[in-house]
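# Examination of the molecular architecture
Each chain, letter by letter, is given below.
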Amino acid sequence: MHFAPTDDERLVLQGVAKVARLLRATAARRDTDGNVDAATLLALRSLGAFGLLAPESAGGLAADASTWTLALTELATADAGLALLVAEHGVALRLWAQAAGDDAALASLAAGLRLACLPLRGPGSHLDDATVAAAATEGAEGSLLSGRTAWTPLAARATDAI
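A short tour of the structure in this document, coming up.

Definitions and limits used
Residues numbered from 1 in each chain as written. Predicted model: local features only at pLDDT ≥ 70, side-chain atom pairs only at ≥ 80, totals over all residues. Heavy atoms only, no water. Helix = DSSP H or I, 4+ residues; strand = E, 2+ residues; numbered from the N terminus. Buried < 20%, exposed > 50% of the residue type's maximum accessible area, 1.4 Å probe, protein only. Contact = heavy atoms within 4.5 Å. Areas by Shrake-Rupley, 256 points an atom, 1.4 Å probe, with all protein chains shown as cover. Core = buried A, V, L, I, M, F, W, Y, C linked by side-chain atoms within 4.5 Å.

Here we take up the overall build of the protein chain. Each helix and strand counted, the protein chain has six helices and four strands in total. Reading the protein chain from its N terminus to its C terminus gives the helix and strand order α-α-α-α-α-α-β-β-β-β. In the protein chain, buried positions account for 36% of the 162 residues. Considering only contacts in the protein chain between residues 6 or more positions apart, those separated by 24 or more positions represent 62%. Carbon and sulfur atoms provide 57% of the accessible area of the protein chain, an area that totals close to 9,200 Å².

Here we take up the nonpolar core. The biggest cluster of nonpolar side chains holds 24 residues, and the ones touching the most others in it are Leu-44, Phe-50, Leu-75, Leu-82, Leu-85 and Val-86. Contributing elements (two or more residues each) for this core: α1 (7-24), α3 (38-47), α4 (65-78) and α5 (80-99). Filtering out sequence-adjacent residues up to four positions away, Leu-75 remains in contact with Val-16, Ala-20, Leu-23, Leu-44, Leu-82, Ala-83 and Val-86. By size, the runner-up hydrophobic cluster in this structure holds eleven residues, among which are Ala-54, Ala-92, Leu-93 and Leu-106.

Okay, structure coming up:
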């Protein structure tokens, strides 16, 4: 087995480390405010953080699990909340890509122009459907998600929810 990162993986991780150093200075403010400001989202978009798991055909980086994990770890050294935000968006993006088949929406998600969130609740976590007390219904303006969840990262800024 070969555990050393490839040149492409090194480039991704160097970019993440550079942005993480810049974001570290404002991490406490984000924690206090409970909000992610537009400048932070722009920095993450510029990095390509929202498209780490997206296929290259959608403008993503098509990172493998190892690179994604290392990138999230690097980001978490500066701001664990941002790492969770990027991770949740990545999982939602992957679920979207598998289910929707909407290339334009996937490209918008990969670029971070649309942000997806997943509800987190209870001991079973967000990937256990039985723990989320929510339902989606179709309305005149699209799907409407209603119900309860203890916590949904990125919900205040999300354009899409899964």
